[in-house]
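Architecture at a glance
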Amino acid sequence: MNSKETSEKIQFVSNDLPISNPEGKPQNTPTTLLDQQSHDSQPKQHTDVELPQEQLFFPLTEAKYLTKEETEQAYLKRKADGLYEAPEILKDEVLDLLNDSNVKDITRIHLQRRSIDDNDVASLASNTTWVNLKEVWLYQNLIEEAGAAALGRNLAWVNLRQLWLHRNEIGDEGAAAIAANKSWVNLEQLYLSYNNIGDKGAICLSKNQAWVKLKSLKLDNNRITNVGAVALAENKSWVKLELLWLYNNRIKYRGAILLACNKQWECLDEICVGGNAIHKEGTRAILCNPKLKKLELSKVQ
């Protein structure tokens, strides 16, 4: 099975949990595909389950969700990977496991589109043991200012590289709280699109000096005007920035010109300012920057 086929169809098998064969007799087989190599000599009974890629996480038995106890057993078999992409029905169980003080090897938390709210985020952000955590995907949830503030106070995730919070409602105060974090010195991707962020939030973000490895910043579909754009353009610490999305804000030509002229962003080659009123002057400044190879200028007024 090639990688494309694997992403479309995964064979979940169980070691500790019985799976009935056609005659109704339970058989014991490996828990996950990761365990199969050590059980090559044993007969295997597979249960094929087709799921969207974003929902691949816990084994399923006959297309039914596992109980909490069975989920924990499956989790213990797979925790080395640290990938959490659970169906909605398992949200509480996953959060319980994540809050287990014995779990220290998490590298990725993917809980997008799971109705995660401020209380859930506060619980996650209070963790002090996941020093190897690299990815936190919490986009399209119910996170507001308080949840973002809890994230901003986290001091343990020193190896965090990706923070995806787009399509929430963190607003200016939430953006300011995220910007105030000085521990995420390895952060490379920060996605805050569709979050009702205005100039105050953009100004606070622009003043962050800890994210020296930041490569991608997405702030499209917010409320940022020239004031916020000018502040971002004055940033001098994001020397590795490669991608900047500001599509569909309220930026005018002066902001676009200054963004295009930032000399510290030597690696910047993709900028998206479409959907703003940058006029011919702003468009010309961006087009005249030889470093910018990927441009998005649709719906420019």
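Residues numbered from 1 in each chain as written. Predicted model: local features only at pLDDT ≥ 70, side-chain atom pairs only at ≥ 80, totals over all residues. Heavy atoms only, no water.

Right, let's get into the pattern of salt bridges. Evaluation of the coordinates by the stated rule reveals 2 salt bridges. Across the pair D172 and R223 runs a salt bridge whose closest N-O atoms are separated by 3.5 Å. In this pair, D172 sits in helix 6 (residues 171-179) while R223 sits in the loop between strand 9 (216-218) and helix 8 (226-233), placing the two residues 51 residues apart along the sequence. With relative accessibility at 17%, the residue D172 sits in the buried group. (Salt bridge = Lys/Arg side-chain N within 4 Å of Asp/Glu carboxyl O. Helix = DSSP H or I, 4+ residues; strand = E, 2+ residues; numbered from the N terminus. Buried < 20%, exposed > 50% of the residue type's maximum accessible area, 1.4 Å probe, protein only.)

Another point: the packing of aromatic side chains. When we look at a pair of aromatic rings, we describe it by the centre distance and by the angle of the planes. Applying the stated rule across the entire model yields 5 aromatic pairs. Measuring from centroid to centroid gives 6.3 Å for W130 and W157, while their planes differ by 15°, and the two rings are stacked. In this pair, W130 sits in the loop between helix 4 (118-125) and strand 6 (135-137) while W157 sits in the loop between helix 5 (145-152) and strand 7 (162-164), placing the two residues 27 residues apart along the sequence. Like W157, W130 is buried. With 4.1 Å between their ring centres and 5° between their planes, W137 and W164 make a pair best called stacked. (Phe/Tyr/Trp six-rings, centres within 6.5 Å; stacked < 30°, edge-to-face > 60°.)

Let's shift gears to helix 5. Burial analysis of helix 5 places 6 of its 8 residues in the buried class, the great majority of the element. In this fold, the buried residues of helix 5 make contact with helix 4 and helix 6. (Contact = heavy atoms within 4.5 Å.)

This part covers the nonpolar core. Core analysis: the biggest nonpolar cluster contains 56 residues, and L190 and W211 have the highest contact counts within it. The set of elements that each furnish at least two residues to this core consists of helix 4, helix 5, helix 6, helix 7 (199-206), helix 8 and helix 9 (253-260). Residues within four places of L190 in sequence aside, it is in contact with L163, I178, L205, W211, L214, S216, L217 and K218. (Core = buried A, V, L, I, M, F, W, Y, C linked by side-chain atoms within 4.5 Å.)

Now for the side chain of N127. Residue position: N127 is located in the loop between helix 4 and strand 6. Look at N127 and you get buried, because its relative accessible area is 12%. Excluding residues within four positions of it along the chain, N127 makes contact with N154, A156 and W157.

With their axes 8 Å apart at the nearest point, helix 8 and helix 9 run at an angle of 10° to one another. Taken together, helix 8 and helix 9 sit at an angle that is classed as roughly parallel. Residue-level contacts link N226, A229, V230, L232 and A233 of helix 8 to R254, G255, L258 and L259 of helix 9. Across the contact of helix 8 with helix 9, the residue classes break down as 6 nonpolar, 2 polar and 1 charged. (Axes fitted to C-alpha atoms, helices over the stretch in contact; angles between N-to-C directions. Parallel < 35°, antiparallel > 145°, perpendicular 65-115°, else oblique. Nonpolar A, V, L, I, M, F, W, Y, C, P; charged D, E, K, R; others polar.)

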